[in-house]
Amino acid sequence: MGITLEAFFEHTKNTDLEQFHPQLRQTLKLYYELKSHGRSGEWDAALESMPQLLDADYSFDEDSVCVLKPDNLELDYSVYTQQLKAFMPWRKGPWNLLGVEIETEWHSDWKWQRISPYISSLEGRQVLDIGTGNGYFLYRMLGAGARLALGIDPTRIFLYQFHAAQRLLPANGAHLLPLRSEHLPAFGCFDTVFCLGVLYHRRSPIDHIQELMSYLRPGGELVLETLVVPGDVDTILVPQERYAKMSNVWFLPSTKALENMLRKLGLQDVRTVDVTQTNTQEQRATDWMNFHSLADFLDPNDHNLSAEGHPAPLRATIVATKASC
Ligand SMILES: C[S@@+](CC[C@H](N)C(=O)[O-])C[C@H]1O[C@@H](n2cnc3c(N)ncnc32)[C@H](O)[C@@H]1O
């Protein structure tokens, strides 16, 4: 049967997103329904076997996205832990689902702490998160007051992780569509567009930034986080081969070069609000992500260099505004 995405269409009926329903349904048919994943059957069965509550208490404004276990729910923790582990690797979090703490590869809460002080209030806003992963940030956005948090991410396992949480919760404003950003219409109606950790995976960064701008309403805010390198306005690294062992890294500008691109595309009030070198406490292997992690991607003798000898992963967040008219 698979995961149904109807909740998104129900929630956005009679809103400015309704006009895009036919196009989104058609795109989802092509890239989701007709493009089944080899492990979908196994994951569907795992999801079906898990508790479904739909009315648990929760908190979205603390470091862990937390869904509380109701007192009257009998839960075998070792069984529930194994059910959640069916969706490994858990990369973004942390989560606490019914008392099971999921220690993810990333301390995504640290990223949120670095970014959230610098963005416009999300209170009542309609927000889009491109490359959302498993939706951890969608709940943090709801916790910060967003009325709708739509995440886009093509990686199928992350959709299952999102629904492992979503099936415990009352109807809410978080939705994840398993699409790529290049599949989306030019919505033109989101108050804030987040794009965290995606730009360096795109071959054509300027086109990608233009895509992001097309989702915003006039006067809306772009929050862009990506890998950067030290340097001046003319510095851009295009790794010849891998970067930190990743084969899909295309374009690492300096913050000055990135700011310049954003201004040249017409964005206003462009400012770098944070630059942080990722360390091995923020990104590490855990019981919930037992593949290689950052420590394996760096020069073992010098953690300021990637395994290939490039500057080690440094991430910048840039905030900018789309012109009002
Ligand atoms: C490095 S992760 C970042 C996840 C999260 N935003 C964060 O900052 O922790 C990149 C994510 O982007 C997704 N992604 C890659 N290409 C994409 C595209 N063209 N459109 C949307 N998402 C994409 C991947 O599936 C992955 O989940």
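Up top is the structure.
Worth saying up front: this structure is predicted, and the values here are computed from it rather than measured.

**Considerations on the pairing of strand 11 (residues 216-228)**
Along any regular strand the residues' side chains alternate between the sheet's two faces. Of all the 13 residues making up strand 11, 10 are buried; the element is thus mostly covered by neighbouring parts of the structure. Where the polypeptide runs from strand 10 (residues 190-196) across helix 8 (residues 205-215) and back to strand 11, its parallel neighbour, the crossover connection is right-handed. Bridge analysis of strand 11 against strand 17 (residues 314-321) gives 8 bridges, and the strand direction is antiparallel. Pairing of L224 across the sheet is with I318, part of strand 17.

**Brief notes about the sheet that holds strand 11**
With mixed pairing, the 7 strands of this open sheet are ordered in space as 9-8-7-10-11-17-14. Two strands bound the open sheet, and with one partner strand each, they are strand 9 (174-177) and strand 14 (268-277). Between one strand axis and the next, the sheet turns by 15° as a mean value, whatever way the strands run. Sheet analysis places strand 14 next to strand 17, joined by 7 bridges and oriented antiparallel. The partner of Q277 across the bridge, within strand 17, is L314.

**Some thoughts on unusual backbone geometry**
Peptide bonds are, in most cases, trans, and in most cases residues other than glycine have a negative phi. Note that the residue after M88, namely P89, is joined by a cis bond; omega there is 5°. Within the secondary structure, P89 sits in the loop between helix 4 (77-85) and strand 3 (92-93). For the bond from G93 to P94, the omega torsion is 20°, close enough to zero to count as cis. Look at A244: it is not a glycine, yet its phi comes out positive at around 45°. Tracing the chain through its elements places A244 in the loop between strand 12 (236-237) and strand 13 (252-253). C-beta crowding within 10 Å serves as the criterion here: with 20 such atoms nearby, A244 is assigned to the buried category. The phi dihedral of D269 is positive, around 50°, even though this residue is not glycine. With respect to the secondary-structure elements, D269 resides in strand 14. By C-beta crowding, D269 is classed as exposed, having 11 other C-beta atoms within 10 Å.

**Quick notes on the site of the ligand**
The environment of the ligand is formed by 19 residues, the closest being G131, G133, T155, L196 and G197. Of the residues contributing to the shell around the ligand, the split by class is 7 nonpolar, 8 polar and 4 charged.

**Focus on helix 7 (residues 156-166)**
In terms of burial, helix 7 is largely enclosed, as 8 of its 11 residues are buried. The elements touched by buried residues of helix 7 are helix 3 (40-48), strand 2 (65-67), helix 4, strand 4 (95-97) and strand 9.

**Brief notes about the nonpolar core**
Across soluble globular proteins, you tend to see nonpolar side chains buried next to one another. One finds L97, V127, A149, V193, C195 and L222 to be the most contacted residues of the largest nonpolar core, which totals 76 residues. Excluding residues that lie within four positions of it along the chain, V193 makes contacts with L128, I130, L212, Y215, L216, G220 and L222.

**Some remarks on helix 5 (residues 108-115)**
Of all the residues in helix 5, the buried ones are S108, D109 and K111. Along helix 5, the residues classed as buried sweep out an arc of 155° about the axis, all on the same side. Tucked into the core, helix 5 has its buried residues touching strand 3, strand 6 (106-107), helix 6 (136-143) and strand 10.

**With respect to the sheet that holds strand 1 (residues 58-59)**
In spatial order, the strands read 1-2-4-5; together these 4 strands make up an open sheet with mixed pairing. The open sheet has two free edges, formed respectively by strand 1 and strand 5 (100-102), since each of these has just one partner strand. Note that strand 4 and strand 5 share 3 bridges and pair antiparallel. What sits directly across from W95, in strand 5, is I102.

About the cut-offs
Residues numbered from 1 in each chain as written. Predicted model: local features only at pLDDT ≥ 70, side-chain atom pairs only at ≥ 80, totals over all residues. Buried ≥ 20, exposed ≤ 12 C-beta atoms within 10 Å, placed from the backbone. Helix = DSSP H or I, 4+ residues; strand = E, 2+ residues; numbered from the N terminus. Right-handed = clockwise from strand over helix to strand, strands pointing away. Pairing = 2+ DSSP bridges. Axes fitted to C-alpha atoms, helices over the stretch in contact; angles between N-to-C directions. Near = placed C-beta within 6 Å. Nonpolar A, V, L, I, M, F, W, Y, C, P; charged D, E, K, R; others polar. Contact = placed C-beta atoms within 7 Å. Core = buried A, V, L, I, M, F, W, Y, C linked by C-beta atoms within 7 Å. Arc of directions from axis to C-beta.

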